[in-house]
Amino acid sequence: AQTVTQSQPEMSVQEAETVTLSCTYDTSENNYYLFWYKQPPSRQMILVIRQEAYKQQNATENRFSVNFQKAAKSFSLKISDSQLGDTAMYFCAFMKLAGTSGTYKYIFGTGTRLKVLA
Amino acid sequence: DAGITQSPRHKVTETGTPVTLRCHQTENHRYMYWYRQDPGHGLRLIHYSYGVKDTDKGEVSDGYSVSRSKTEDFLLTLESATSSQTSVYFCATQGVGNQPQHFGDGTRLSIL
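The notes below deal with the structure included here. All figures in this text were calculated on a predicted structure; none of them were measured in a lab. (Residues numbered from 1 in each chain as written. Chains lettered and ligands numbered in written order. Predicted model: local features only at pLDDT ≥ 70, side-chain atom pairs only at ≥ 80, totals over all residues. Heavy atoms only, no water.)

1. Details of the overall build of chain B
Helices and strands together make up the secondary structure of chain B, namely 0 helices and 11 strands. Start at the N end of chain B and walk to the C end: the helices and strands fall as β-β-β-β-β-β-β-β-β-β-β. The C-alpha radius of gyration of chain B comes to 13 Å, within 12% of the 13 Å expected for a compact globule of 112 residues. Taking the intrachain contacts of chain B between residues at least 6 apart in sequence as the baseline, contacts between residues at least 24 apart amount to 54%. Put simply, chain B shows about 5000 Å² of open surface, and 46% of that area lies on carbon and sulfur atoms. Between the centroid of the 11 positive side chains of chain B and the centroid of its 12 negative side chains there is a distance of 2 Å. (Helix = DSSP H or I, 4+ residues; strand = E, 2+ residues; numbered from the N terminus. Rg over C-alpha atoms; globule rule 2.2 N^0.38 Å. Contact = heavy atoms within 4.5 Å. Areas by Shrake-Rupley, 256 points an atom, 1.4 Å probe, with all protein chains shown as cover. Lys, Arg positive; Asp, Glu negative; His and termini not counted. Charge placed at Lys NZ, Arg CZ, Asp CG, Glu CD.)

2. Remarks on the side chain of A:Thr27
All names here are of chain A. By the secondary structure assignment, Thr 27 is in the loop between strand S4 (24–26) and strand S5 (33–39). From its side chain, Thr 27 meets the backbone nitrogen of Glu 29 in a polar contact 3.0 Å long. Ignoring anything within four residues of it in the chain, the contact list for Thr 27 reads Gln 2, Tyr 32, Lys 73 and Phe 94. (Polar contact = N/O pair within 3.5 Å; in protein donor to acceptor, adjacent residues only side chain to side chain.)

3. Details of the pairing of strand S1 (residues 4–7) of chain B
Residue and element names in this part refer to chain B. Here S1 shows one buried face, formed by Ile 4 and Gln 6, and one open face, formed by Thr 5 and Ser 7. Sheet topology note: the S1/strand S3 (residues 19–25) ladder contains 4 bridges and is antiparallel. What sits directly across from Ile 4, in S3, is Gln 25. (Buried < 20%, exposed > 50% of the residue type's maximum accessible area, 1.4 Å probe, protein only. Pairing = 2+ DSSP bridges.)

4. Here's the deal with the pairing of strand S4 (residues 31–38) of chain B
Residue and element names in this part refer to chain B. Within S4, 8 of the 8 residues are buried, leaving the element largely enclosed by the surrounding structure. Of the two faces of S4, the one carrying Tyr 31, Tyr 33, Tyr 35 and Gln 37 and the one carrying Met 32, Trp 34, Arg 36 and Asp 38 are both buried. Turn length for the S4-strand S5 (residues 42–51) hairpin, with the two strands adjacent in sequence and antiparallel, is 3 residues, and the turn residue Gly 40 shows positive phi of about 80°.

5. A short note on the environment of A:Lys70
Residue and element names in this part refer to chain A. Along the chain, the position of Lys 70 falls in the loop between strand S8 (64–69) and strand S9 (74–79). C-alpha separation for the pair Lys 70 and Ile 107, spaced 37 residues apart in sequence, amounts to 17 Å. Setting aside anything within four residues of it in sequence, one finds Lys 70 in contact with Tyr 25, Asn 30, Tyr 32 and Ala 53. In this structure the side chain of Lys 70 is engaged in a polar contact, spanning 3.1 Å, whose partner is the side chain of Asn 30.

Structure, rendered in structure tokens:
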């Protein structure tokens, strides 16, 4: 069974600095997708970034980028120029095709609570 | 996001009562999901649907049932609520293929 591990329950970073959140996963699959979601205090689940396993190039979205190491099964999120609005819980998620119904299922990590300090 | 509405947003009820949570989407997405979020566990899949009247169990389905009579609505029912089902419940939808799931704003359910 797939598992997703986020080993940092809490982190803090000074405003304008850079922070990296770690995520490792365990799978025997070759085709899968990885995501980072942000959950601010409002409770919304907001997609931050997505990575396809078959792509070697690391995904970037403005201040957010990932370091995807497929062989090491590692998928870390780097936030540059941290802003107060980045304060949130961040979840790493693994997605793969499950069964014959065409359904894709997520496995989530337990989350990292990030606090950006003024 | 993606036109997903969960109702109610908050609910407090007593042990042993039936509870139904509703998820309504306007995106005509085929796939719909129910998750629960608990501290230390992230989000865990309860049930999912891959079409009208087509549903299946997730990893934490005991004590829950679902129904999907039309594309836009996915109902989660707790037949006899227990305190262990106190949680935040999220609905998610997904279009065809391998697109990211989009989430509703969640329902906070407290069972006393």
